[in-house]
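# Close look at the chain arrangement
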Amino acid sequence: MSDNDPLSPPSLAHFADVAVDVGQPLVLGRGAQGLRRVVPILGGTARGDGWTARVLPGGADFQLFASEGCSVLDARYGMETDAGDLIYVQNHAVRAAAPEVMARLMCGEPVQPSEVYFRCTPSFETDSPALRWITERLFVGSGVRHPAQVAMRFFVLT
């Protein structure tokens, strides 16, 4: 494939490293689709190339454990950059692991990141003219769940 091929696979460029501080999960119970939990987002930080932001408290991660080894996540929260720009984040993710590893994660125990598949597709909304471009691009990322924090690295598809 040549560089001029409009159907070339996209490449990835680093966008940000994000650390989201989380509280204790609220277990809503098991329904027809699986076990549902809501994890409060307490704060955190984001650092990109030439910018930083704080994760605002008040968001949540809505989780569906569709099986013993797979959860589907829908995190929604706000960030405020060091320049004062506000960003709404909606991050869809899939987290999969062996059932015994997932059980340890659900209990808040640390697990080896290599034991868990954690990939995400964040999207952003902002009315900041300087950041408008992030509303017009697709992003992907990887994550690691720690007992009180989720660490993620986001990439823009170029």
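Above this text you will find the structure in question.
Read on for a plain summary of the structure. (Residues numbered from 1 in each chain as written. Predicted model: local features only at pLDDT ≥ 70, side-chain atom pairs only at ≥ 80, totals over all residues. Heavy atoms only, no water.)

Let's shift gears to the pattern of salt bridges. This model, assessed by the stated rule, comprises 4 salt bridges. With a closest N to O distance of 2.6 Å, Asp17 and Arg153 form a salt bridge. Placement of the pair is Asp17 in strand E1 (residues 12–22) and Arg153 in strand E10 (residues 149–157), with a sequence separation of 136 residues. Since its relative accessible area comes to 42%, Arg153 is described here as partly exposed. (Salt bridge = Lys/Arg side-chain N within 4 Å of Asp/Glu carboxyl O. Helix = DSSP H or I, 4+ residues; strand = E, 2+ residues; numbered from the N terminus. Buried < 20%, exposed > 50% of the residue type's maximum accessible area, 1.4 Å probe, protein only.)

Right, let's talk about the nonpolar core for a bit. In terms of nonpolar packing, the biggest core is built from 36 residues, with Phe15, Val18, Val20, Tyr77, Met79, Phe124 and Phe154 touching the most fellow members. At 5 residues, E1 tops the list of elements feeding residues into this core. (Core = buried A, V, L, I, M, F, W, Y, C linked by side-chain atoms within 4.5 Å.)

Here we take up empty space enclosed by the protein. To locate leftover empty space, one rolls a probe as large as a water molecule over the atoms. This structure, assessed with the given rule, holds 2 cavities of 30 Å³ or more. In this structure, the largest cavity spans a volume of roughly 150 Å³. Around the largest cavity sit 16 residues that line it, and Asp61, Ala75, Phe118, Val150 and Met152 are the ones nearest its centre. Of all elements in the fold, only E1, strand E3 (34–48), strand E5 (60–67), strand E6 (70–81), strand E7 (86–97) and E10 reach the threshold of two or more residues within the lining of the largest cavity. By residue class, the composition of the lining of the largest cavity is 11 nonpolar, 2 polar and 3 charged. Mapped by element, the contributors of at least two residues to the lining of the second largest cavity are strand E8 (116–125) and strand E9 (139–145). Looking at the lining of the second largest cavity element by element, the count peaks at 3 residues for E9. Its residues assigned to classes, the lining of the second largest cavity comprises 6 nonpolar, 2 polar and 2 charged. (1 Å grid on protein atoms, 1.4 Å probe; cavity = no way out; pocket = protein on both sides within 12 Å on 5 of 7 lines; lining within 4 Å. Points joined across faces, edges and corners; volume = space filled by probe spheres on them. Nonpolar A, V, L, I, M, F, W, Y, C, P; charged D, E, K, R; others polar.)

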